[in-house]
Amino acid sequence: MAKEKLIEIDSLCKYFHVGRGLELKAVNNVTIDIYKGETLGVVGESGCGKSTLGRTCIGIYRPTSGTITYKGQKLDMHSRRDRFQFAKKAQIIFQDPYASLDPRMTVGSIISEGMEIHKMYDKQKRQERVYELLSTVGLNREHANRFPHEFSGGQRQRIGIARALAIEPEFIVCDEPISALDVSIQSQIINLLRGLQKQLGLTYMFIAHDLNIVKYISDRIAVMYLGNLVEVADSDEIYAHTLHPYSQALLASVPIPDPDKEQEKDAQVLSGDVPSPINPPPGCNFAGRCPHACDLCRQKTPELRELRPGHLVACHLAKGE
């Protein structure tokens, strides 16, 4: 049975003007489909464009070029009306639970704000819905009258999740939702997100640094480097048959909790610095750091191509065997 496409991203670009006629290419020519009910993990170094991709997908940033299609209908992300209507179907959970909640608003007001903006329910029903959502994310109805500063980081992130769920979206961008939390709390939030996905049929784009977490929660993984997708595959496949040199280096950097295995691991230390997204080099962006780069890599930009079933790689030299 074919999987149903929920969101289709085609040749998406997001450039930021940084003065003197220069542009920072945060997201550059990204094409990927997101299927209903799946979790698409997006990984890469800081500054590679992961968060910008997520925010552009749901209309927080307007794309420079490219298209976003939702359930077969192409969206005009420069139209305020289209973005407003799409906001009811696509929400975001932010990275920092300390900065993303208005300190002057009560928890009840924070959660109900979206329902008021979209004119959902009457006042009494909205209040009931707030209590229901607090219970869903593991908090008490008494918390509705408190302010964000009265809660721990994990509790604040639960409030952020309740806010995202309030208007009953189908697609949620999880923008590094656990990176600001204590390790002991991270697993609770991850398990909460997984439970909500099964219960409500949600589709996630899960952005993270921690590759172990991404493997645990994701159905497919997309690896980004300097604004481009360099590898996309099912979670198990990308760990078992990593094909792009950058993905291999990322996986090699993950520590193994066994001193003997860690010592035996083939460490891949990348030389050189990440090129400037304002003035990227010709050809493959990774060529300057890649131990296998050849002249073709420095001259021609590789396209994302399928080398194994469902396994896409942007590399001239990668082979699917």
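Here the structure is shown first, and the text comes after it.
It should be emphasised that the depicted structure is a prediction, and the values quoted were computed from it without experimental measurement.

Concerning the pairing of strand S7 (residues 171-175)
With five of five residues buried, S7 lies mostly within the body of the structure. Burial of the side chains of S7 extends over both faces: Phe171, Val173 and Asp175 are buried on one face and Ile172 and Cys174 on the other. With four bridges connecting them, strand S6 (residues 90-93) and S7 associate as parallel partners. Considered in S7, the bridge of Ile92 is made with Val173. Taken together, the five bridges between S7 and strand S8 (residues 203-207) define a ladder with parallel strand orientation. Paired with Cys174 across the two strands is Phe206, which belongs to S8. Regarding topology, helix H6 (residues 183-200) serves as the crossover connection from S7 to the parallel S8, and that connection is right-handed.

Considerations on unusual backbone geometry
The backbone of Lys71 sits at a positive phi, close to 50°, despite the residue not being glycine. Positionally, Lys71 belongs in the loop between strand S4 (65-70) and strand S5 (73-75). On the accessibility criterion, Lys71 (45% relative accessible area) is partly exposed. At Lys119, a position not held by glycine, the phi torsion is positive, near 55°. Given a relative accessible area of 74%, Lys119 falls into the exposed group.

A few points about the packing of aromatic side chains
According to the stated counting rule, one finds five aromatic pairs in the structure shown. Centroid distance Tyr225 to Tyr246: 4.7 Å. Interplanar angle 55°. Geometry classified as tilted. Linking Tyr225 in strand S9 (residues 220-225) with Tyr246 in helix H9 (residues 245-252), this pair joins segments that are 21 residues apart in sequence. Their ring planes at 65° and their centres at 5.5 Å tell us that Tyr246 and Phe286 sit as a pair that is edge-to-face. One end of the pair, Tyr246, is in helix H9; the other, Phe286, is in the loop between helix H10 (259-264) and helix H11 (295-299), and 40 residues separate them in sequence. Neither residue differs from the other here; Tyr246 and Phe286 are each classed as buried.

Looking at H9
Counting buried positions along H9 gives six out of eight residues, so the element sits mostly inside the fold. Buried residues in H9 make contact with strand S3 (39-43), helix H7 (211-217), S9 and strand S10 (228-234).

A look at the side chain of Arg83
Along the chain, the position of Arg83 falls in helix H2 (residues 80-87). Among buried charged residues, Arg83 stands out as having no salt bridge; its nearest opposite-charge side chain is Asp76, 7.1 Å away. At 3.2 Å, the side chain of Arg83 forms a polar contact with the backbone oxygen of Met77. Leave out the neighbours within four places in its chain, and Arg83 touches Gly59, Arg62, Met77 and His78.

Some points on the environment of Asn28
Within the secondary structure, Asn28 sits in strand S2 (residues 23-35). The contacts of Asn28, once residues within four sequence positions are left out, are Leu12, Cys13, Tyr15, Gly227 and Asn228. Within the structure, Asn28 has its side chain in polar contact with the side chain of Tyr15 (distance 2.6 Å).

Analysis parameters
Residues numbered from 1 in each chain as written. Predicted model: local features only at pLDDT ≥ 70, side-chain atom pairs only at ≥ 80, totals over all residues. Heavy atoms only, no water. Buried < 20%, exposed > 50% of the residue type's maximum accessible area, 1.4 Å probe, protein only. Helix = DSSP H or I, 4+ residues; strand = E, 2+ residues; numbered from the N terminus. Pairing = 2+ DSSP bridges. Right-handed = clockwise from strand over helix to strand, strands pointing away. Phe/Tyr/Trp six-rings, centres within 6.5 Å; stacked < 30°, edge-to-face > 60°. Contact = heavy atoms within 4.5 Å. Lys, Arg positive; Asp, Glu negative; His and termini not counted. Salt bridge = Lys/Arg side-chain N within 4 Å of Asp/Glu carboxyl O. Polar contact = N/O pair within 3.5 Å; in protein donor to acceptor, adjacent residues only side chain to side chain.

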